[in-house]
Amino acid sequence: MSFSADEFKNSLSHFASGVTVVTFSDTTRAGGLTVSSFSSLSLDPPLILFNLQKNITSHDPLLASGLFTVNILASDQQEYSNQFASGKIDKHELIQKLACDLGHNGAPFLNGTLARLECELEKQVDGGDHTIVIGRVLFAVSDDSKRPLLYYRRNYYNI
């Protein structure tokens, strides 16, 4: 039995997911990237995970920083997802332009999100062309008045 890479990608696009932007800062520069492969992992201890593509420029700096924030995007934040997914935008400059505040862990966070989870790197696991990043949540806050931004079949949806 075989299938093409396109068939595999199309099948995976049928799984609706929330949209996050993971932000971080190393000693000199802040960065961020859009991540839809995010999940809770454990309540005790509080752990989350996401998949980080190995060939992107944010891969090594994010892991080296050891501290990051998972920003769960609200329905009105599609532009953040597009900007942090773009390979043409300098993410350090974008974070400066957005006037991001620093969280308790020292990593920048986006204002107005549905929720944010400030984390430290707990573990990284090889996952083929991705690294599975496991983060220990140090601080969490949410806004129950907001609605989520969803991604399904290569399109955004607001509910």
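Preceding this paragraph is the structure being described.
Residues numbered from 1 in each chain as written. Predicted model: local features only at pLDDT ≥ 70, side-chain atom pairs only at ≥ 80, totals over all residues. Heavy atoms only, no water.

Caption draft 1: View of the side chain of Thr23. Position of Thr23 relative to the elements: it lies in strand β2 (residues 20-25). There is a polar contact of 2.5 Å between the side chain of Thr23 and the backbone oxygen of Pro108. The residues contacting Thr23, other than those within four sequence positions of it, are Gly31, Gly32, Phe68, Thr69, Asn71, Ile95, Ala107, Pro108 and Phe109. (Helix = DSSP H or I, 4+ residues; strand = E, 2+ residues; numbered from the N terminus. Polar contact = N/O pair within 3.5 Å; in protein donor to acceptor, adjacent residues only side chain to side chain. Contact = heavy atoms within 4.5 Å.)

Caption draft 2: Structural context of the pairing of strand β9 (residues 115-127). Two strands pair when backbone bridges link them, and strand β6 (residues 67-72) and β9 are joined in this way by six bridges, in the antiparallel orientation. Within the sheet, the bridge partner assigned to Leu67 lies in β9 and is Glu120. Taken together, the 12 bridges between β9 and strand β10 (residues 130-142) define a ladder with antiparallel strand orientation. Paired with Leu121 across the bridge in β10 is Gly135. Linking β9 to β10, which pair antiparallel, is a turn of two residues; within it Gly128 sits at a positive phi near 70 degrees. (Pairing = 2+ DSSP bridges.)

Caption draft 3: Broad picture of the sheet that holds strand β1 (residues 17-18). Taking strand neighbours across the sheet as the criterion, the three strands line up as β1-β11-β12 in an open arrangement whose pairing is antiparallel. A single partner strand is all that each edge strand has here, and the edge strands are β1 and β12 (155-158). As judged from the two bridges shared by β1 and strand β11 (residues 149-152), these two strands associate in the antiparallel manner. Across the sheet, the residue bridging to Ser17 is Tyr151, located in β11.

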